[in-house]
Amino acid sequence: MLHYYEPQKSDPSKDYGTAASPSTTLITLEIDGVEVTVPEGTSVMRAASLADINIPKLCASDNLEAFGSCRLCTVQIEGRRGFPASCTTPVNAGMKVITQNEKIAKLRRNVMELYISDHPLDCLTCPANGDCELQDMAGAVGLREVRYGFEGHNHLDAEKDTSNPYFTFDPSKCIVCSRCVRACEEVQGTFALTIEGRGFDSKVTAGQGEGFLESDCVSCGACVQACPTSTLMENTIIDMGQPEHSVVTTCAYCGVGCSFKAEMKGDQVVRMVPFKGGDANQGHSCVKGRFAFGYATHKDRIKEPMIRDSIDESWRAVSWEEALSFSAKRLKEVQEKYGRESIGGITSSRCTNEETYLVQKLIRAAFGNNNTDTCARVCHSPTGYGLKTTLGESAGTQTFDSIRYTDVMLVIGANPTDAHPVFGSMMRRRLREGAKLIVADPRKIDLLKTPHLKGALHLPLRPGTNVALVNSMAYVIIEEGLEDTNFINDRCEDEAYQKWRAFISKPVNSPESMESVTGVSAKDVRHAARVYAEGNNGAIFYGLGVTEHSQGSTMVMGIANLALATGNIGREGVGVNPLRGQNNVQGSCDMGSFPHELPGYQHVSDDVARGNFESVWGVKLDNEPGLRIPNMFDSAIAGSFKGLYVQGEDIAQSDPNTHHVEAALKSLECLIVQDIFLNETAKFAHVLLPGSTFLEKNGTFTNAERRINRVRKVMPPLAGKEDWEVTVALSNALGYPMDYQHPSEIMDEIAQLTPSFTGVSYPLLEEQGSIQWPCNEAHPLGTPIMHEVDFPIGKGNFAVTEYVATEERASRRFPLLLTTGRILSQYNVGAQTRRTDNQVWHDEDVLELHPHDAEERGVKDGDWLGISSRAGQTVLRAVISERMQAGVVYTTFHHPGSGANVITTDNSDWATNCPEYKVTAVQVEKVSQPSQWQRDFVQFDKKQQHYLKEPKNGRQVDA
């Protein structure tokens, strides 16, 4: 007799009907004469599916809880009466199940006949034809005719809802299986859909009878993916028809690193479907990854290399060979005139690991210096410094999936539902199950509004006072004896702990002393400290609201202190978890993008580490750290730094103090920008090299949980080269030979030189799906949970974290504090998402301010507001919101004309120079016209767009 078992890893291409049971107790039963052994709690449907006995179903899906409403999956069980639903019936030892006989077949046909009697019979013209579960199940049950006709009441004339730009809702096709409603609740956690009415009048409704666009729907696509008919259908499928092949790749938006199937027709992407086998997202998605991929083929794409001698000239479209020769000549001339240190480069957190590795290699080996930096430094460099100091490794400690075991979530300076929405959905699921939530943020984030949230505490601290708050929490933990003494004694360095304990116990750190500093009541701080310390598993999640401060590194160490003091390190459900903003922030750091560190965080002054690179690269390397981005800007203005290569980064929009950045870029004699669009930085460039999107390249990204995921090319690069090929060609033009035939060869070199990547290879990634570094001899398949036994530095190191107030403070002239953040529909500087229909949700940056501050200034919703700081002025439209506390205003930075960074200052973290984006003292007043910078921006943009469209020699640039 055949015997089947639940596999350790299920087939992601198959829907088993219900989720796997976590039980370790095995049960053996018989299904259609076949013995099957599965974990206790498994449904009969799943047990049958594991044995390749496929029971018809419509309402069941293995990412949803069993529902039992469609009645197609009925079976017979020996010794039981009736026909139970197999999806809601758990297995029992010795159970004998019959899934197919004449009675069952007749019952299923009758059920299906009722569905079809109120369903349009337009299969040949239906957009779901060939990919319709209703159609498949009608065939599976053998339905050949419908006896009832359409003369009676039906829903065939129900009106379509086309309000959402990405999908259409056609209620005439709906069978009210509730899968979309359940996906919205169970997977996404938004609860935007409901079943309205009863019996024949039952129907799916968005919100309170609104259209999808006007409802609380966040357009994650879970409902569309769940729908078994064409009721919810992507507009791309309606327009282009069904895809004919697919390629699994990794999303190029945020640091969650979702896996997707790019479903294709030839080299055209028809739709992006979240891949169930993706370890980071497990088949879920957000509006950006699911739908906002159209930028890859947007008309604004740069498709040819271009050069010019001055930014006041038109572009000249040239061959790749001429553009690279021109670039190499310019860079050499700058170095001959100003010296070896006069040029540098900036890597991208949007490009692959392999591409980023090559750029820093180019700078160190071909430029001959360490003047390499990355946008990751302007967001998460304090994470690297702070965690390296305390835990010995500059990365997050957990998997995303670890959240399933978390009892208390402490979220600091992060807005997961907007910036990391798929992980935000996972957090919401755990909160609905009973986990407690503490949010420390100047603004009320959406996570606090999670439906069915059982316990939440908001600590609305003043911007810039993070360290004061975390020290006060630590004070309570020590004062009230809530620390984990066993963990501290076993796993932490005693001298450092005693020194920290003496510091943190000082009365100045008490919640009562710090109440006037943070603005948070001592009572709430004490309560938060107790909840976190007394929870079985406490996990800390933080974002740019922690790192982008003058004390960013201090705060990261303070967070690590909290975790060490309470023993919340080294197991499922706990840890210190930085939420990385862009898709490859972690990878760009890992690959040696910083001026003081080689790949793998090996310091350039380390003779042994540097010697290894010199041996493989065949060139002598500088042992002194190079320039950071702010130093490059200062040196450019001073006249000693004159050449810059920027790959996939828009420093003119994303870096603080825009006036200063623009002045630096104008000072350069050679600026080479490699990007997919004419971004704000490229408007100051002398060379514009076409970039490639994630759909046009092979490589890897590393997400916020250290997960290395494959990126696979699904279409040829529009300009003919992948980004890594451009860097190779530039290096060769400069006289330093690089010879790679495929990114897998670059990864092999990375593994040879980077200890945490020693075991990583493309064959292993293909075999495992993904790997979390460190991956080496000790951990050949990677390390999901860090610091389970010890720390890379031996024992955990408590760090003294003295609170030092930021120099940027409110005053009579600038009485408000501005902080910044992101919004769900847009991404970073908006270059990608602004070229998609995501513009429907957020077509301009606005200024949120509290009703008290608005009333004091006579401001109404929609008024234009002039925002002045010590650095500059800009103008934004007002939105009055109680999400803000009085005295604090908030904006996003997704639109270049908004000038959000015109008003941010040069203040930065003491250890890493990470800019203090989150604290800017401003004044706000009603105005009637744009700021001078905005007027200048419009004129400069018009001029540069003209230069792009009307190039020299009369040749039209293909862009």
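Remember, it's a predicted structure, so these values are computed and weren't measured experimentally.

The helix and strand tally for the chain stands at 29 helices and 35 strands. For the chain, the C-alpha radius of gyration of 29 Å lies close to 30 Å, the compact-globule estimate for 959 residues. By principal-axis analysis of the C-alpha atoms, the chain measures approximately 90 × 75 × 65 Å. A fraction of 72% describes how many contacts in the chain between residues 6 or more apart in sequence connect residues 24 or more apart. A total of about 35200 Å² of accessible surface is found on the chain, and carbon and sulfur atoms cover 48% of it. If you average the places of the 94 positive and of the 122 negative side-chain charges in the chain, the two averages end up 2 Å apart.

What follows is about the pattern of salt bridges. Taken as a whole and judged by the stated rule, the model has 51 salt bridges. Here Lys683 ties to Asp941 by a salt bridge, and the two come within 2.4 Å at their closest N and O atoms. Of this pair, Lys683 sits in the loop between β25 (670–675) and β26 (687–690) while Asp941 sits in helix α29 (residues 932–949), placing them 258 residues apart in sequence.

Among all positions of helix α16 (residues 511–518), only Pro511, Met514 and Thr518 are buried. For α16, the angular spread of the buried residues around the axis is 70°, confining them to a single face. Trailing α16 by a residue or two, Gly519 shows a phi angle of about 80°, which is positive.

With that out of the way, let us pick up the packing of helix α13 (residues 466–479) against α16. The contact between α13 and α16 brings their axes to 10 Å, and the two run at 165°. Classed by the angle they form, the pair α13 and α16 counts as roughly antiparallel. The two elements α13 and α16 meet at a crossing, and its hand is left-handed. Contacts from Ala468, Leu469, Ser472, Tyr475 and Val476 of α13 reach α16 at Pro511, Met514, Val517 and Thr518.

Taken together, seven strands build an open sheet; the order of strands is β14-β13-β26-β25-β24-β15-β16 and the sheet is mixed. The sheet is open, and its two borders are formed by β14 (316–317) and β16 (372–374), each paired with just one other strand. One ladder, built from four bridges, connects strand β15 (residues 343–347) with strand β24 (residues 643–647); its direction is parallel. Along β24, the bridge assignment pairs Ile343 with Gly643. In this fold helix α25 (residues 723–734) packs onto β24, β25 and β26, with an angle of close to 155° to the strand it touches most, β24.

What follows covers a nonpolar patch on the surface. There is a patch of nonpolar side chains on the surface, built from Leu114, Val146 and Tyr148 and spanning about 270 Å² of accessible area. Inspection of the secondary structure assignment puts Val146 in the loop between α3 (133–140) and β6 (167–169).

At their nearest, the axes of helix α4 (residues 179–188) and helix α12 (residues 421–432) sit 8 Å apart, and the two run at 90° to each other. Taken together, α4 and α12 sit at an angle that is classed as roughly perpendicular. For the pair α4 and α12, the contacting residues are Glu185, Glu186, Val187 and Gln188 in the first and Ser425, Arg429 and Arg432 in the second. Residues that form the contact of α4 with α12 fall into these classes: one nonpolar, two polar and four charged.

Strand order around the closed barrel formed by six strands is β30-β34-β31-β33-β32-β35, with mixed pairing between neighbours. The mean angle between the axes of side-by-side strands here comes to 45°, regardless of whether they run parallel or antiparallel. For strand β31 (residues 846–849) and strand β33 (residues 873–880), the ladder comprises four bridges, and the chain directions are parallel. Residue pairing for β33: Glu848 is matched across the bridge by Val879.

Most of strand β11 (residues 259–265) sits out of view: five of its seven residues are buried. Where strand β10 (residues 245–250) and β11 come together, six bridges link them in antiparallel fashion. Considered in β11, the bridge of Thr250 is made with Ser259. For β11 and strand β12 (residues 268–274), the ladder comprises six bridges, and the chain directions are antiparallel.

With that settled, consider unusual backbone geometry. With the exception of glycine, the majority of residues adopt a negative phi angle, and the majority of peptide bonds are in the trans configuration. In this structure, Pro774 follows Trp773 across a cis peptide bond, with omega equal to 5°. As for its placement among the helices and strands, Pro774 is situated in the loop between β29 (770–772) and β30 (816–821). Phi at Arg706 is positive, roughly 70°, even though this residue is not glycine. Structurally, Arg706 is set in the loop between β27 (699–702) and β28 (707–711). Of the residues examined, Arg706 reaches a relative accessible area of 0% and is grouped as buried. For Asn828, which is not a glycine, the phi torsion comes out positive at approximately 50°. Secondary-structure assignment places Asn828 in the loop between β30 and β31. Accessibility expressed as a relative area gives 5% for Asn828, which makes it buried.

Grouped together as the largest cluster of nonpolar side chains are 69 residues, with contacts concentrated most on Phe212, Leu232, Met409, Val411 and Phe423. Per element, the largest residue contribution to this core is five residues, and it comes from α12. When residues no more than four places from it in sequence are discounted, the contact partners of Val411 are Pro416, Met427, Leu437, Ile438, Val439, Ala440, Ile445, Leu447 and Phe541. Of all hydrophobic cores here, the second largest spans 59 residues; its members include Leu324, Phe326, Trp617 and Val687.

Here is what the cut-offs are and how they apply
Residues numbered from 1 in each chain as written. Predicted model: local features only at pLDDT ≥ 70, side-chain atom pairs only at ≥ 80, totals over all residues. Heavy atoms only, no water. Helix = DSSP H or I, 4+ residues; strand = E, 2+ residues; numbered from the N terminus. Rg over C-alpha atoms; globule rule 2.2 N^0.38 Å. Contact = heavy atoms within 4.5 Å. Areas by Shrake-Rupley, 256 points an atom, 1.4 Å probe, with all protein chains shown as cover. Lys, Arg positive; Asp, Glu negative; His and termini not counted. Charge placed at Lys NZ, Arg CZ, Asp CG, Glu CD. Salt bridge = Lys/Arg side-chain N within 4 Å of Asp/Glu carboxyl O. Buried < 20%, exposed > 50% of the residue type's maximum accessible area, 1.4 Å probe, protein only. Arc of directions from axis to C-beta. Axes fitted to C-alpha atoms, helices over the stretch in contact; angles between N-to-C directions. Parallel < 35°, antiparallel > 145°, perpendicular 65-115°, else oblique. Left-handed = near helix turned anticlockwise from the far one by under 90°. Pairing = 2+ DSSP bridges. Patch = residues over 30% accessible without salt bridge, like charges linked within 9 Å, V, L, I, M, F, W, Y side chains within 5 Å. Nonpolar A, V, L, I, M, F, W, Y, C, P; charged D, E, K, R; others polar. Core = buried A, V, L, I, M, F, W, Y, C linked by side-chain atoms within 4.5 Å.

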